[in-house]
Amino acid sequence: MSQFWKPGSEKPTSRLVEDEDGGVLYVRHPTSSSSHSGFGHASLEKQRKRLPVYEYRTAILYLVENHATTVIVGETGSGKTTQIPQYLQEAGWASDGRVIACTQPRRLAVQVVASRVAEEMGVKLGEEVGYTIRFEDMSKPGVTMIKFLTDGVLLREMMDDPLLTKYSVIMVDEAHERSLSTDMLMGLLKKIQNRRPELRLVISSATIEAKSISNFFSYSRRKRHDPESQDVVPSKQPAILSVEGRGYEVKVYFLQEPTSNYLHEAVSTVLSIDEKEPMGDILVFLTGQDDIEAAVQLLNEECQNLGKRSSGLIILPLYAGLSRADQDMIFSPTPRGKRKVVISTNIAETSLTLEGVVYVVDSGFSKQRYYNPISDIENLVVAPISKASARQRAGRAGRVCPGKCYRLYTEEYFNKEMVAHGIPEMQRSNLVSCVMQLKALGIDNILGFDWLASPPPEAMIRALEVLYSLGILDDDAKLTVPLGFQVAEIPLDPMVGTMILSAHSLGCLEEIIIIAAVLSVQSIWASGRGAQKELDDAKLRFAVAEGDHVTFLNIYQGFIRSGKSAQWCYKNFINYNSMKKVIDVREQLIRLVKRLGLVIQSCEKDTEVMRRAITSGFFAHACRLETYGQEGVYKTIRGSQEVYIHPSSVLFRVNPKWVIYHEIVSTEKNYMRNVISIDPSWLTEIAPHFYQVQKPNPVIH
């Protein structure tokens, strides 16, 4: 590694302290006389040097040189995400065709950060600096030196290159969020380090997780020198580096009494800030796209009523799936005399930094998924956040000047009832895809895998059961040939992958690929808020009695016939950006199935064949109508859970006798989303190992 930067006599000893645990290093925050001034229109180079992380550049490079794993603790906004990959590239870690990887838990963060780093380096996005997210690759082999990607995409890269040999340094950013993919990735990276001691890991985390992550990567062996080489073999003992932000004081305000409607409270708080407080942008934390769009609409209506007094507000939503144009508006400087109001999910809590935010409004809630492996139902719950999240949110207000955080809950609730930390996603998720990926990577002893947090045994057993029933695992719990390995190649849920492969044998692959592409986006319908009747009428124009999946096919074909027209989408209450994404995903899936050697054929509008293909993947999701009515009551065949067709479905109030659903999301009821009608005889025909006929109902063995 002689071509890499060597600290030599520059070892920053005055700022490093040996820890008693053995080689763990901390950096004390140095006193600094540098300016606190905002970024304004300073040159990019000056902006880079003003970031808190800049003072730690030497220490970071020294630790990465000498330690296999470096854990970096730092507040969001310290510059670690954008600057550390650049420091590593400047120091030579991307020489000789190697690549520096930086992972993020969220797709939007990957795109935004990559775009910013490319701008700072003065290069075209997709060349020296690139990114890869599912179904979108903006990188060039042999050219890209710094690559941003989601944790999930890096996991998929391991299927072709199990040791990730092209990467010299892998930075896992926002590790404290403890997403399912992040936890999996860290377990696998620990295994890779045993085989590739030269691989460096940089784990970026909030303070709460730093010690546990360091312990996870700790080894008993200490640093040693190879007597035959001048190079240092890195210490296996992780280093911890604390990068202290240059934040300003944030005053926190609580409600005196609990609120019954946090959404209306958030809107009135924004209007109050605009009326009484000096200029500065406002960041509002709500739970999801529906809440955010409702708040945007309420604020726009209030501003119209108030007239001139609130004409300076620029109200912008922020959630996953935003178009690039909407992203650019959020991250562009606020025009003079205007105040930006960004209404966001928890994506702005840690993953993204919004310059100019002075006021934060914290609803105290976020939307989280909780999977029950016994009932096989995933609850999408609006749940209270943790104290750690509340502190992260408040910290967003102190970036450019002293700020204020308005918490829409009481101080007593914060002190006495709010939990300290959230539950890792690994312990509240459906693990079917996770288990299949580990099997595809050759990890057979799933229960013995080195997890940062152990998953619930019930969820692991349910995942193995589902994969076995789909024919993806054999009697020895190994991937089947060729089905198991082919499904593992498809970057979608294993049930969708099985549906695609079944469609090939049934001769309807062309149609099922379109349906799979639609199922991979959040929703192709535009929001009907304020125009629900018009949205319902638009759905009727495309709706078919067979259900949502065939309806999606009609919509796609209409979009293509319109010449992919945005105007057509607007007229029919279709989300134009979602349809563009469907086109992209379809093209990627076509390339993928061709690579698997599958022939793409059309069934020429034979809806029964399509529904049989869908049933082949989702037979375990069969339900039977129990009670007719305006809102029919269904029972799942597996587990006898009471479920209902979601109001967004074209089969809502139609009440077919037998249906199959794509997923169940539990809000006030257990709602089936994306539903088709089926013939019950298909169940015993397609899955005789799973169903047997017992008069009058099919039941599970």
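Note: the structure precedes this text.
Reading the values: the criteria
Residues numbered from 1 in each chain as written. Predicted model: local features only at pLDDT ≥ 70, side-chain atom pairs only at ≥ 80, totals over all residues. Heavy atoms only, no water. Buried < 20%, exposed > 50% of the residue type's maximum accessible area, 1.4 Å probe, protein only. Helix = DSSP H or I, 4+ residues; strand = E, 2+ residues; numbered from the N terminus. Pairing = 2+ DSSP bridges. Phe/Tyr/Trp six-rings, centres within 6.5 Å; stacked < 30°, edge-to-face > 60°. Lys NZ or Arg CZ within 6 Å of the ring centre and 35° of its normal. Axes fitted to C-alpha atoms, helices over the stretch in contact; angles between N-to-C directions. Contact = heavy atoms within 4.5 Å. Core = buried A, V, L, I, M, F, W, Y, C linked by side-chain atoms within 4.5 Å.

A. Summary view of the pairing of strand 25 (residues 670-677). With 7 of its 8 residues buried, strand 25 lies for the most part within the structure. Strand direction decides the pairing type here: strand 23 (residues 642-645) and strand 25, joined by 2 bridges, are parallel. Bridge pairing links Ile 645 to Met 672 in strand 25. Across 7 bridges, the pairing between strand 24 (residues 658-666) and strand 25 is antiparallel.

B. Representation of the packing of aromatic side chains within the structure. With the rule as written, the count across this model stands at 12 aromatic pairs. Measuring from ring centre to ring centre gives 6.3 Å for Phe 559 and Tyr 576, while their planes differ by 70°; the resulting arrangement is edge-to-face. Residue Phe 559 is found in helix 20 (residues 548-561), and its partner Tyr 576 is found in helix 22 (residues 576-595); the two are separated by 17 residues along the sequence. Taken together, Phe 254, Tyr 409, Tyr 413 and Phe 414 form an aromatic cluster joined through their ring pairs. Taking NZ or CZ as reference, Lys 190 lies 4.5 Å from the ring centre of Phe 216, over its face. The positively charged end of Arg 407 is found above the aromatic ring belonging to Phe 414, 4.7 Å away from the centroid.

C. Just the sheet that holds strand 7 (residues 146-150), in detail. One open sheet holds the 8 strands; their spatial order is 6-5-7-4-8-9-3-12, and the pairing between them is mixed. Where the open sheet ends on each side, the last strands, each with one partner, are strand 6 (136-138) and strand 12 (239-243). Mean inter-strand twist for the sheet, computed between neighbouring axes without regard to direction, equals 20°. Alignment of strand 5 (residues 129-133) against strand 6, held across 3 bridges, turns out to be antiparallel. In the sheet register, Tyr 131 faces strand 6, and the bridge partner there is Met 138. Packed on one face of the sheet, helix 4 (residues 107-121) meets strand 4 (99-104), strand 5, strand 6 and strand 7 and runs near 170° to strand 5. Running over the sheet, helix 6 (residues 180-195) touches strand 3 (69-74), strand 4, strand 8 (167-172) and strand 9 (200-205) and is turned about 150° from strand 8.

D. Broad picture of the sheet that holds strand 20 (residues 403-410). Across the sheet, 6 strands lie side by side as 13-20-17-14-16-15; this open sheet has parallel pairing. Two strands bound the open sheet, and with one partner strand each, they are strand 13 (250-255) and strand 15 (313-318). Sheet twist, expressed as the average angle between the axes of neighbouring strands with direction ignored, equals 15°. Note: strand 13 against strand 20, 6 bridges, orientation parallel. Across the sheet, Phe 254 pairs through a bridge with Arg 407, a residue of strand 20. Lying over the sheet, helix 8 (residues 262-276) contacts strand 13, strand 14 (281-285), strand 15, strand 16 (339-344), strand 17 (357-362) and strand 20, oriented at roughly 150° with respect to strand 20.

E. Up close: the nonpolar core. Core analysis: the largest hydrophobic core is formed by 116 residues, its most contacted members being Ile 170 and Ile 512. Here this core gets 9 residues from one element, more than from any other, and that element is helix 18 (residues 509-519). Apart from the residues within four sequence positions on either side, Ile 512 is in contact with Met 499, Ile 500, Ala 503, Met 610, Ala 613 and Ile 614. In this structure, Leu 299, Tyr 319, Leu 352 and Cys 405 belong to the second largest nonpolar core, which totals 46 residues.

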